[in-house]
Amino acid sequence: DVDQLESYAHTLFSLAKMAYEDIPPNELLTYCDALEDMMIYVFESSPEYQVNDKIHYYYLHAKYFRVDRVSLSCVLINNEGMHKYATDLIDSFINEIDRNEMINEFAGIYVGAWALKVAYDESVTDEDTGRYIERAFDYCNEYADNVFLCEKTIDLVSSAYLEQYRRNPPASVVDRCYALLLRFPSSDDLISTFFDLVEQSKMSVAEWKRRYLHDKNVVAGLISNKRTDIIYSEGLGEPEIVTTYVRSHPKVGANEPCPCGSGKKFKKCCRGNGRYD
């Protein structure tokens, strides 16, 4: 029945999500394929079954994980044919979402797919990118309780300025994204995505602390997620001394493998404990 299908879909989605967060994403394709096989069976072989929005959400969100990882792998190969395969895969996924009536659960997946397109599709124009961003913020206003949507909207903005506009995001744009963080100040993923954008903006330490560390809920979220590295960056509360900082080791990106060898992403492992920051 529908309850059993939903439980099965949720289990596969949860496994896909855990695999997605590993590096490399072992077993991700296995779980995504199983979800897709289930959907094909339901729609083609057993029309008496009903697929509710929750089941459809699990399927689409897991497929987003797959499209993200596969397209990234294709682009890293640096081959024209593989790059085209990646952009075709992203376009096909966007078209699949387009065929559904937009609901709260689908909005973040939709925006996440736009972020991939902006990041990897060289045919995207500045005008296209601007429309994606405005539509994403419109969705954020319409579906105000969707934390994944807010995270992917900031991710879209980051991709737009890094890959499309090729310049640092201005403070006014970062401020706009900060308003999304204020909705969910305890979300670890949203915290990571937002402060990655702050770093991308090249704003001075004193300036971004003045703008983004004044809200007690944001500070509480940083503490609860063990992100005190952000609070005490460059010495919070101390006079700012301009010096040349020399790292003792290469900088580790948030989504790169953790240097400790755990197999997890840096942001999900040792970031914030001072060992590799």
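Now for a look at the structure at hand.

1. Observations regarding the pattern of salt bridges
Tallied over the entire structure, the rule returns 14 salt bridges. Residue Asp-175 is joined to Arg-211 by a salt bridge in which the shortest nitrogen-to-oxygen separation is 2.5 Å. Note that Asp-175 is positioned in helix H8 (residues 171-181) and Arg-211 in helix H10 (residues 205-212), a separation of 36 residues in sequence. Between Arg-211 and Glu-207 there is a salt bridge whose closest N-O contact spans 2.6 Å. Taken together, the residues span about one helical turn, with Arg-211 and Glu-207 both in helix H10 at a distance of four residues. Residue Arg-211 is classed as partly exposed on the basis of its relative accessible area, which comes to 24%. The class for Glu-207 is partly exposed, based on a relative accessible area of 23%.

2. A closer look at the packing of aromatic side chains
Within the structure shown, the criterion is met by 18 aromatic pairs. Pairing Tyr-110 with Tyr-139 gives two aromatic rings, centres 6.3 Å apart and planes at 40°, and the pair type is tilted. Placement of Tyr-110 in helix H5 (residues 104-120) and of Tyr-139 in helix H6 (residues 126-142) is noted, with a sequence separation of 29 residues between them. In this structure Tyr-110 comes out as buried when scored by relative accessible area, which is 5%. Tyr-139 gets classed as buried once you look at its relative accessible area, which sits at 11%.

3. Quick look at helix H1 (residues 2-20)
In this model H1 runs 26 Å from its N-terminal to its C-terminal C-alpha over 19 residues, within 8% of the 27 Å that 1.5 Å per residue would give. Residues of H1 that are buried: Leu-5, Ala-9, Leu-12, Phe-13, Ala-16, Ala-19 and Tyr-20. Buried residues of H1, viewed axially, fall in a sector of 120°; they line one side. Residues of H1 that are exposed and angled more than 90 degrees away from the buried face: Asp-3, Gln-4 and Met-18.

4. Quick word on unusual backbone geometry
Non-glycine residue Lys-202 carries a positive phi angle of around 60°. You can see Lys-202 is positioned in the loop between helix H9 (188-201) and H10. One non-glycine residue with positive phi stands out, namely Lys-226, at about 60°. Tracing the sequence through the fold places Lys-226 in the loop between helix H11 (216-224) and helix H12 (228-231).

5. Some remarks on helix H4 (residues 80-98)
In a regular helix each residue adds 1.5 Å, so 19 residues correspond to 27 Å; H4 covers 27 Å between its end C-alpha atoms and thus fits that length. If you check which residues of H4 are buried, you get Ala-86, Thr-87, Ile-90, Phe-93, Ile-94, Glu-96 and Ile-97. Along its buried surface, H4 packs onto helix H3 (53-76) and H5. Capping the start of H4 is the job of one residue whose side-chain oxygen sits 2.8 Å from the backbone nitrogen of Gly-81: Asn-79.

6. Points about the packing of H4 against H5
Relative to each other, H4 and H5 sit at 155°, their axes nearing to 10 Å. Accordingly, the angle class assigned to the pair H4 and H5 is roughly antiparallel. The chirality of how H4 crosses H5 is left-handed. Seen from H4, the contacting residues are His-83, Thr-87, Ile-90, Asp-91, Phe-93, Ile-94, Ile-97 and Asp-98; seen from H5, they are Ile-109, Tyr-110, Ala-113, Trp-114, Leu-116, Lys-117 and Tyr-120. Counted by class, the contact of H4 with H5 contains 10 nonpolar, two polar and three charged residues.

7. Comments concerning the environment of Glu-142
Take Glu-142: it is sitting in helix H6. Accessibility expressed as a relative area gives 53% for Glu-142, which makes it exposed. Sequence separation between Glu-142 and Ile-103 is 39 residues; the distance between their C-alpha atoms is 9.9 Å.

8. Considering the packing of H8 against H9
In contact at an axis separation of 10 Å, H8 and H9 are set at 165° when each is read in the N-to-C sense. As summarised for this structure, H8 and H9 are arranged roughly antiparallel, according to the angle between their axes. As H8 packs across H9, the resulting crossing turns out to be left-handed. For the pair H8 and H9, the contacting residues are Val-174, Cys-177, Tyr-178, Leu-180 and Leu-181 in the first and Leu-190, Ile-191, Phe-194, Phe-195, Leu-197, Val-198 and Ser-201 in the second. Of the residues contributing to the contact of H8 with H9, the split by class is 11 nonpolar, one polar and no charged.

Conventions used here
Residues numbered from 1 in each chain as written. Predicted model: local features only at pLDDT ≥ 70, side-chain atom pairs only at ≥ 80, totals over all residues. Heavy atoms only, no water. Salt bridge = Lys/Arg side-chain N within 4 Å of Asp/Glu carboxyl O. Helix = DSSP H or I, 4+ residues; strand = E, 2+ residues; numbered from the N terminus. Buried < 20%, exposed > 50% of the residue type's maximum accessible area, 1.4 Å probe, protein only. Phe/Tyr/Trp six-rings, centres within 6.5 Å; stacked < 30°, edge-to-face > 60°. Expected span 1.5 Å × (residues − 1). Arc of directions from axis to C-beta. Contact = heavy atoms within 4.5 Å. Polar contact = N/O pair within 3.5 Å; in protein donor to acceptor, adjacent residues only side chain to side chain. Axes fitted to C-alpha atoms, helices over the stretch in contact; angles between N-to-C directions. Parallel < 35°, antiparallel > 145°, perpendicular 65-115°, else oblique. Left-handed = near helix turned anticlockwise from the far one by under 90°. Nonpolar A, V, L, I, M, F, W, Y, C, P; charged D, E, K, R; others polar.

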